[in-house]
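Residue-level listing of the chains:
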Amino acid sequence: MWIEPVAAVLSTLGTSSAGLTQTEVEDRRRRYGLNRPTTHRRRPWWFEFLLRFLNPLVLILLFASALSAATGNIASFVIVIILVVLSVTLDFVQETRAERAIEALSRSVAIRVQVRRGGAEMSETADLLVPGDVVRLAAGDLVPADCRLIEARDLFVNQATLTGEPYPVEKRADAPCLSARGPDEAINTIFMGSSVISGSAVAVVCRTGDATAFGRLSDALMAPPPPTAFELGIRQFGFLILRLTIFLVLFVLAVNVLFHRPWLDSLMFALALAVGLTPELLPMIVTVTLARGALRLTGRRVIVKRLAAMHNIGAMDVLCTDKTGTLTEATIRMVRHLDCLGTDSDRVFRLAYLNSHFESGIKSPLDEAVIAFRPLDVTGWEKIDEVPFDFERRRVSVLVTDGTRRLLVVKGAPEDVLRLSTHYEAEADVVKPMDPAARARLDALFQTLGEDGFRVLAVASKVMTPDHATATLGDECELDFAGYAVFLDPPKASATAAVHALDGAGVAVKVLTGDNERVTRHVCAELGLPITGLMTGDDLRAMNEEALRARLAEVNVYCRVTPQQKERVLSAYRRSGRVVGFLGDGINDASALHAADVGISVDGAADVAKEAAGLILLDHDLSVVGAAVAEGRRTVHNVTKYVLMGSSSNFGNMFSMAGASLFLPFLPMLPTQVLLNNLLYDASETGIPLDNVEAESLAAPVRWDLRLIERFMLVLGPVSSLFDFLTFYALLRLFDADEALFQTGWFVESLATQVLVIFVIRTRHSPWRSRPHPVLAGLAVGAAIIGALLPLTPAGAFFGFVAPPASFYLFLATAVVCYLALVEAIKRVFFRHLAAKPGARDPRDRLYPG
């Protein structure tokens, strides 16, 4: 597509520079599908459902039940099939609904592209583009597909994802590419996966989805991000339980074979036990809980793009943010245009206007403020060339002509422009050499403006020779300093309360800004925010990593920092053990958003910033981040409730099963009864994502602590076993139970203690002081009641149950109350002991439900 002329490419695609009609677009979308690489596409629901049956334990259980059917036990086979399908369906429905809800929210902040349809320009989501669409791109946009350039103006793109080349590459529409062999040599073509650094372009879409260069490499390029601490913790917990379960299954199976019990029944029981003890509901609980939190955040106008961000923001203890739009209103307006004498000058405004009007690179709010200040007729001027803005030089230069002369107009950071100036305009048409006194006077004027809270850009010019046809970095020297463009961005009234609220919640706010220290000090003073330490980009450049890490705790403001320095600061915080968030919305923030544990951007941000972020704020307001932090902590606490309950119950059941296998002449519970117990238990826990969390538990960052969970499991698990053994004794001695009654009694007691313990474990306080969500309470109590009454119904016989005597229910109520009371007492001692240990962290700063 880069070899043929543009006209031939348009003809081949059956389109024109005016774009496709809507009918043509719909026809091509049916033909080519959505503009997504395969790795972005959702597999059919039925395929996802069937994949859940590939769980090794489920497959073995189904195989064993088939053997059971082959030996004539059809009833057992049917029951196992029904229970397995119900369990898998419960997991699938809950998780799929949550994932689809999050996907719908993500689409609301999807990357959009300006596309021509039937000659009119409109906004469209990138995944709906088709070959033949004509798109318009500007600085900050992601390239949505493989496109051939029709027009390009000072276009530089970053295509490191495809070529590994870290520096921006210039692209030109008129460049022939007869020998180009790939993206790195195709000068007239831009590719999906790259981003526009500066300039603008009009291009025709040639390839979409898997047909793009990015799509063909998507499996390699789109490797999932490294797992978070939370994901690793969940995985490690699952492996821990799985190892213990495998050991128990092999032990139970060996004991039953040793005692010459029926091998098929023993195998079925061991496999059913494995399914019952494995925390197969954990992934669903995690997904649904995080998704519920994400859905709640939409009410606060926050869109969660990646569910892992929910945990990260709950664990976040440092938030780095830009100043503009966070501490200030982001309603930047130009207020003055001062010459070198400090008086308003039309010439300074005219030069600033020419620069902003003809600049085709990154349009900043300052450029928009210059254009909006007042209209200026520039019809007599024409742009020849441009040196685009970059964040290292911190300036932009345009070469313009009015037909008689050629002028290089430079606008940028005062420190840099002043350094490059050798002359200054003392008055109209009078240029004098820049002596030390003049330089000191101009610098003092700049300092005074900064101390008064004004943002300042310096403006300079240079007369070029009539044959000068290009603008280069080498031309930015020996400039004539013209003066200053002065801007005001008032502080945001809500910022003070938001920063103090985050600080009270254990999140330290750090300001990372490209502005100078005087403006930043003024804004912080206006808001009443103390600066405990300030570091500039020059200070950072002179520091090694050890020196930087030593000053992280005291510094809360970083000024005049480049994108690379922002990334360096974030990485330093992460290496020091902090969980770091970054709030940014510009092209220069993309690398920092990637480097942070949780990237936060806004809906109006540059495409590259939105793509890098995990959370999108629909309102650029720091107070909304506080709501996201609380919701992240709430979701992690709710996941913990399931983990603590499941780990202690499962570990207790392991002891109970092992002990029962040693002395009972029969299976303590039939395989189908184990599966039914597991199904009812799983159903009762689906209300956990909705549960309430106390305010005090949201007052500090929450991190995953697997060691705490292991200790809790080892302490509380034997308590569960103790009451199981008490039930065994009562059934055999007090009720003279046969095989069927024993299995029935233990089923009822096991389910009741497993399910009802949630009311104790879900809170640090006394259960009666903390109300659970009605759905959770109803499901838990309902599961216990179903388990208790099922043996009294005709359906109970289907599962091998018999009706227990009335006295058993009196025993059951007494045992359950005693069990819950003992767990409550041990829980209090456990956490009191943990908090009293030397060097213990604040008990709020660890994983435990409210």
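What you are looking at is a predicted structure, and each value in this text was computed from that prediction instead of being measured. (Residues numbered from 1 in each chain as written. Predicted model: local features only at pLDDT ≥ 70, side-chain atom pairs only at ≥ 80, totals over all residues. Heavy atoms only, no water.)

Caption draft 1: Summary view of the pattern of salt bridges. What the rule picks out here adds up to 36 salt bridges. The salt bridge involving lysine 323 is made with aspartate 515; its shortest N-O contact spans 2.7 Å. Placement of the pair is lysine 323 in the loop between strand 9 (318-321) and strand 10 (333-339) and aspartate 515 in the loop between strand 18 (508-512) and helix 18 (517-527), with a sequence separation of 192 residues. Classification of aspartate 515 by relative accessible area gives buried; the value is 12%. Across the pair arginine 374 and aspartate 346 runs a salt bridge, and its minimum N-O distance is 3.1 Å. Within this pair, whereas arginine 374 is found in the loop between helix 14 (365-373) and strand 11 (382-390), its partner aspartate 346 is found in helix 13 (residues 346-358), the two being separated by 28 residues in sequence. (Salt bridge = Lys/Arg side-chain N within 4 Å of Asp/Glu carboxyl O. Helix = DSSP H or I, 4+ residues; strand = E, 2+ residues; numbered from the N terminus. Buried < 20%, exposed > 50% of the residue type's maximum accessible area, 1.4 Å probe, protein only.)

Caption draft 2: Summary view of the packing of aromatic side chains. All told, the structure shown has 18 aromatic pairs when counted by the stated rule. Between the aromatic rings of phenylalanine 712 and phenylalanine 831, the centroid separation amounts to 6.0 Å while the plane-to-plane angle is 40°, which identifies the pairing as tilted. Of this pair, phenylalanine 712 sits in helix 26 (residues 706-734) while phenylalanine 831 sits in helix 31 (residues 806-836), and the two are 119 residues apart along the sequence. Assigned by exposure class, phenylalanine 712 and phenylalanine 831 land together as buried. Here a set of aromatic residues connected by ring pairs shows up, and it is made of Phe725, Phe728, Phe742 and Trp746. (Phe/Tyr/Trp six-rings, centres within 6.5 Å; stacked < 30°, edge-to-face > 60°.)

Caption draft 3: Structural detail: the packing of helix 26 against helix 27 (residues 739-756). Packing of helix 26 against helix 27 brings their axes to within 10 Å, and their N-to-C directions diverge by 150°. As summarised for this structure, helix 26 and helix 27 are arranged roughly antiparallel, according to the angle between their axes. Both helix 26 and helix 27 take part in a crossing whose hand is right-handed. On helix 27, the residues that touch Phe723, Asp724, Thr727, Phe728, Leu731 and Leu732 of helix 26 are Leu741, Phe742, Gly745, Trp746 and Glu749. (Axes fitted to C-alpha atoms, helices over the stretch in contact; angles between N-to-C directions. Parallel < 35°, antiparallel > 145°, perpendicular 65-115°, else oblique. Left-handed = near helix turned anticlockwise from the far one by under 90°. Contact = heavy atoms within 4.5 Å.)

Caption draft 4: Geometry of the environment of glutamate 329. Within the element layout of this structure, glutamate 329 appears in the loop between strand 9 and strand 10. As for glutamate 329 and lysine 492, which are separated by 163 residues in sequence, their C-alpha atoms are 4.9 Å apart. Apart from residues no more than four positions distant in its own chain, glutamate 329 is found in contact with Asp489, Pro490, Pro491, Lys492 and Ala493.

Caption draft 5: The sheet that holds strand 18, seen in detail. Pairing within the open sheet is mixed, and its eight strands lie in the order 8-23-22-21-9-18-20-19. In the strand order of this sheet, the two ends are held by strand 8 (302-304) and strand 19 (534-536), each with one partner. Sheet twist, expressed as the average angle between the axes of neighbouring strands with direction ignored, equals 20°. Strand direction decides the pairing type here: strand 22 (residues 598-602) and strand 23 (residues 615-617), joined by three bridges, are parallel. Its bridge partner being in strand 23, isoleucine 600 is matched across the sheet by leucine 615. (Pairing = 2+ DSSP bridges.)

Caption draft 6: Local environment of the pairing of strand 7 (residues 195-207). Within strand 7, ten of the 13 residues are buried, which leaves it mostly tucked inside the rest of the structure. Judged from the ten bridges that link them, strand 4 (residues 146-158) and strand 7 form a sheet pairing that is antiparallel. Within strand 7, the position partnered with leucine 149 by the bridge is alanine 203.

Caption draft 7: Region of interest: the state of the cysteines. Summed over all chains, the structure comprises zero disulfides. The cysteine cysteine 206 is free of any disulfide, with cysteine 147 supplying the nearest cysteine sulfur at 6.7 Å. Looking at cysteine 206, the relative accessible area reads 13%, which means it is buried. (Disulfide = S-S within 2.5 Å.)

Caption draft 8: Here's a closer look at the packing of helix 17 (residues 495-504) against helix 24 (residues 622-663). Between helix 17 and helix 24, the least distance of the axes is 8 Å, while the angle of their chain directions is 25°. If you check the angle between helix 17 and helix 24, you find them roughly parallel. Between helix 17 and helix 24 lies a crossing whose hand is left-handed. Contacts from Ala498, Val499 and Leu502 in helix 17 reach Leu622, Ser623, Gly626 and Val629 in helix 24. Across the contact of helix 17 with helix 24, the residue classes break down as five nonpolar, two polar and no charged. (Nonpolar A, V, L, I, M, F, W, Y, C, P; charged D, E, K, R; others polar.)

Caption draft 9: Layout of the nonpolar core. Membership of the largest hydrophobic core comes to 137 residues, with the highest contact counts inside it found for Met316, Tyr558, Ile600, Leu615 and Val625. In terms of residue count, the dominant contributor to this core is helix 24 (15 residues). In this structure methionine 316 touches Val507, Val579, Val580, Gly581, Val598, Val625, Val629, Arg633 and Pro701, once residues within four positions along its chain are discounted. Judged by nonpolar contacts, the second largest core, of 25 residues, contains Leu418, Ala471, Leu479 and Phe481. (Core = buried A, V, L, I, M, F, W, Y, C linked by side-chain atoms within 4.5 Å.)

Caption draft 10: Up close: the environment of proline 671. Mapped onto the fold, proline 671 is located in helix 25 (residues 671-685). Sequence separation between proline 671 and serine 266 is 405 residues; the distance between their C-alpha atoms is 8.8 Å.

Caption draft 11: Structural view of helix 13. For helix 13, with 13 residues, the first-to-last C-alpha span of 18 Å sits near the 18 Å given by 1.5 Å per residue. Within helix 13, burial applies to Val348, Phe349, Leu351, Ala352, Tyr353, Leu354, Asn355, Ser356 and Phe358. If you check the start of helix 13, you find a side-chain oxygen 3.2 Å away from the backbone N of arginine 347, and it comes from serine 345. (Expected span 1.5 Å × (residues − 1). Polar contact = N/O pair within 3.5 Å; in protein donor to acceptor, adjacent residues only side chain to side chain.)

Caption draft 12: Quick look at helix 18. Looking at helix 18, one finds that the buried residues are Glu517, Val519, Thr520, Val523, Cys524 and Leu527. When helix 18 is viewed along its axis, its buried side chains cluster within an angular range of 160° and face the same direction. Looking at helix 18, the residues exposed on the side facing more than 90 degrees away from the buried face are Ala525 and Glu526. Against helix 16 (436-451), strand 16 (455-464), helix 17, strand 19 and strand 20 (557-559) lie the buried residues of helix 18. One side-chain oxygen at the N-terminal end of helix 18 lies 2.9 Å from the backbone nitrogen of arginine 518; it belongs to asparagine 516. (Arc of directions from axis to C-beta.)

Caption draft 13: Representation of the side chain of glutamate 749 in the model. Within the secondary structure layout, glutamate 749 lies in helix 27. Despite its burial, glutamate 749 pairs with no opposite charge, the nearest such side chain being arginine 733 at 17 Å. Setting aside residues up to four positions removed in sequence, glutamate 749 forms contacts with Phe723, Asp724, Thr727 and Leu812. (Lys, Arg positive; Asp, Glu negative; His and termini not counted.)

Caption draft 14: Molecular detail of unusual backbone geometry. Here glutamate 478, not a glycine, exhibits a phi torsion of approximately 50°, which is positive. Tracing the backbone through its elements, the reader meets glutamate 478 in the loop between strand 16 and strand 17 (479-488). When its relative accessible area of 52% is taken as the criterion, glutamate 478 is described as exposed.

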